[in-house]
Amino acid sequence: KQEVTQIPAALSVPEGENLVLNCSFTDSAIYNLQWFRQDPGKGLTSLLLIQSSQREQTSGRLNASLDKSSGRSTLYIAASQPGDSATYLCAANSGYALNFGKGTSLLVTP
Amino acid sequence: EAGVVQSPRYKIIEKKQPVAFWCNPISGHNTLYWYLQNLGQGPELLIRYENEEAVDDSQLPKDRFSAERLKGVDSTLKIQPAELGDSAVYLCASSLWSPTGPNTGELFFGEGSRLTVL
């Protein structure tokens, strides 16, 4: 079974810092990897989807990379803002459904 | 374009009572998922539908949980009877499945239905 791990579990940074969230998965035979944001009491908002043939995807201040062979993905957030505070989840698609990590809880302080 | 719609957003019931959750996926999406999310955890798949067919329900506790997706659009998830341990958020998601192989589409989630069992 695909196991997805996210490090760190929690992160607190001052506004303006660049930061990296890490995601690792045990089965490299994935079809895509998706990063989500979840605000308290809310559903999941899709941030970026990286297909298995791609190495990275960018959206605004967000950049996600994928290294299938090593079973790793990173989410880079540039110039963090207090509004970025949320839980970030990565999920690996091994064929028919997503397997999620437990998430990284991010707090950006003014 | 409307996103995935779920109802109710919140439900409080006493144990042993039944409860049902409803999901309307994004128009045109033929794959629908029900996930369970406990506090501080990532979502876990309960069941996946391709059109009307449940293609993966291995994680659905079939003694008390049931689901259906009539006409391949809306779906309902039912728990009967509910237990204290069922308190969680029930998330519905949908995607567009490619007939040429495993789903490579992007998943979109609803706001979730938060269940509290007393």
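From a predicted model like this one, the values you see are computed outputs, not experimental measurements.

S.K.: Talk me through the state of the cysteines; I want residue IDs and the actual numbers.
M.R.: Residue and element names in this part refer to chain A. The tally for this structure, following the rule as stated, stands at 2 disulfides over all chains. Here Cys23 engages in a disulfide with Cys90; their sulfurs sit 2.0 Å apart. With the S-S dihedral at roughly 75°, the linkage between Cys23 and Cys90 falls on the right-handed side. Residue Cys23 is located in strand β3 (residues 19–25), and its partner Cys90 is located in strand β9 (residues 86–93); the two are separated by 67 residues in the primary sequence.

S.K.: With reference to specific residues and values, describe the sheet that holds strand β1 (residues 4–7) of chain A.
M.R.: Residues and elements named next belong to chain A. Read from one edge to the other, the open sheet built from 5 strands follows the order β1-β3-β8-β7-β6, with strand pairing classed as antiparallel. The outermost strands of the open sheet, each flanked by one partner alone, are β1 and β6 (56–59). For this sheet, the mean inter-axis angle between neighbouring strands, taken without regard to orientation, is 15°. Relative to strand β8 (residues 72–77), β3 runs antiparallel, the two sharing 6 bridges. The residue of β8 that forms the bridge with Leu19 is Ile77.

About the cut-offs
Residues numbered from 1 in each chain as written. Chains lettered and ligands numbered in written order. Predicted model: local features only at pLDDT ≥ 70, side-chain atom pairs only at ≥ 80, totals over all residues. Heavy atoms only, no water. Disulfide = S-S within 2.5 Å. Helix = DSSP H or I, 4+ residues; strand = E, 2+ residues; numbered from the N terminus. Pairing = 2+ DSSP bridges. Axes fitted to C-alpha atoms, helices over the stretch in contact; angles between N-to-C directions.

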